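Architecture and fold: a report
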Amino acid sequence: MTDLSGFLDPLFRWLHVFAGITWIGLLYFFNFVNGPFAATLDADSKKKVVPELMPRALFWFRWGAAYTWITGILLLGIVFYSKTGTFLGDPGRSWGPGTIVMVAVTFLTVFLYDAVAKSGAGKNIKTLAIIGFIFVAIALYLMRSWAHFEYRSYLIHIGAMFGTIMAFNVWFRIWPNQKKIITAVKNGEAPDAGVVATAGARSRHNTYLSLPLIWAMLNFHTTYFAGGNLGIPGDWAWTTMLVIILLGWHIIWQCYKRAGKVKGF
């Protein structure tokens, strides 16, 4: 099993990074390049460009999301679930109730997110961000203090939580609505405003989640913040992820501001 893990680990990491680059690269293209560009097109231009460009881009976008998520789950099993020393900090420690519950929370939070995002509170991205931030803070605390996740472990599970939400958005909220938008534009009709709003909002949510997700993926390389440096106790190192989330959101916000100012020739 050790030899098999040693073989599969780099292979899945390679494919995970490739799929992730494809997915997140297109996510940034849609939000920072195509969005401002599309706003400059007249109806006739959109009728020519959108039906040709968007299906091609969305093909790579949604399958990049799918394979990033699949290879990420495989890596989670190889690196963490098969090695309790990495996962829970002690090779002799077995999964307890807290471990099982917090792993379940990691992959089921997507349904809570979706319900909140569709509610009145979720229509305001700032309100949704506050609710989400509080939820993540509680989840991180419970992963560390109750489930006994190690630093790398609780980071990657927050990343898995974000990645699951993002992949869900791609396949079940963005792609179905984009198909309706593309069809309407191709037929020379105005897309339904609600459909456009949903697709745009979920894409924006994914963009804000992407940078904290990338930090979580780099967990092995961020152990400087795992405790013992900068006066951070190990039991409170989970709070550094909260700082990274806020910093990541600010960077993405600045990118949105800059994207609207970049002009063509």
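Residues numbered from 1 in each chain as written. Predicted model: local features only at pLDDT ≥ 70, side-chain atom pairs only at ≥ 80, totals over all residues. Heavy atoms only, no water.

**What to know about the pattern of salt bridges**
Inspection of every chain in the model, using the stated rule, returns six salt bridges. Here the residues in one salt-bridge network are Asp114, Lys118, Arg173 and Arg202, joined through shared partners. (Salt bridge = Lys/Arg side-chain N within 4 Å of Asp/Glu carboxyl O.)

**Considering the packing of aromatic side chains**
Inspection of the entire model under this criterion finds 20 aromatic pairs. On the numbers, 5.2 Å between centres and 85° between planes, the contact of Phe30 with Phe61 is edge-to-face. With Phe30 in helix α1 (residues 2-38) and Phe61 in helix α2 (residues 43-81), this residue pair connects regions lying 31 residues apart in the sequence. Accessibility classification places Phe30 together with Phe61 in one group, the buried group. Grouped by ring-pair contacts, the aromatic residues Tyr28, Phe32, Tyr208 and Tyr256 constitute a single cluster. (Phe/Tyr/Trp six-rings, centres within 6.5 Å; stacked < 30°, edge-to-face > 60°. Helix = DSSP H or I, 4+ residues; strand = E, 2+ residues; numbered from the N terminus. Buried < 20%, exposed > 50% of the residue type's maximum accessible area, 1.4 Å probe, protein only.)

**Observations regarding helix α4 (residues 97-118)**
Here α4 spans 31 Å end to end across 22 residues, near enough to the 32 Å set by a 1.5 Å rise per residue. Of all the bends found along α4, the most pronounced is centred on Phe107 and spans about 45°. On the buried face of α4, the contacting elements are α2, α3 (84-88), α5 (125-145), α6 (151-186) and α7 (193-217). (Expected span 1.5 Å × (residues − 1). Bend = angle between axes of the 7 residues up to and from the residue. Contact = heavy atoms within 4.5 Å.)

**Some details on the environment of Gly122**
Along the chain, Gly122 turns up in the loop between α4 and α5. With a relative accessible area of 6%, Gly122 lands in the buried category. Sequence separation of Gly122 and Ala201 is 79 residues, and the distance between their C-alpha atoms is 9.8 Å. When sequence neighbours within four positions are dropped, the list of residues in contact with Gly122 reads Val116, Ala117 and Leu128.

**Focus: the nonpolar core**
The biggest cluster of nonpolar side chains holds 68 residues, and the ones touching the most others in it are Phe61, Phe149, Tyr154 and Ile158. When residues of this core are traced back to their parent elements, those giving at least two are α1, α2, α3, α4, α5, α6, α7 and α8 (239-259). Sort the elements by how many residues they give to this core and α6 lands first, with 17 residues. (Core = buried A, V, L, I, M, F, W, Y, C linked by side-chain atoms within 4.5 Å.)

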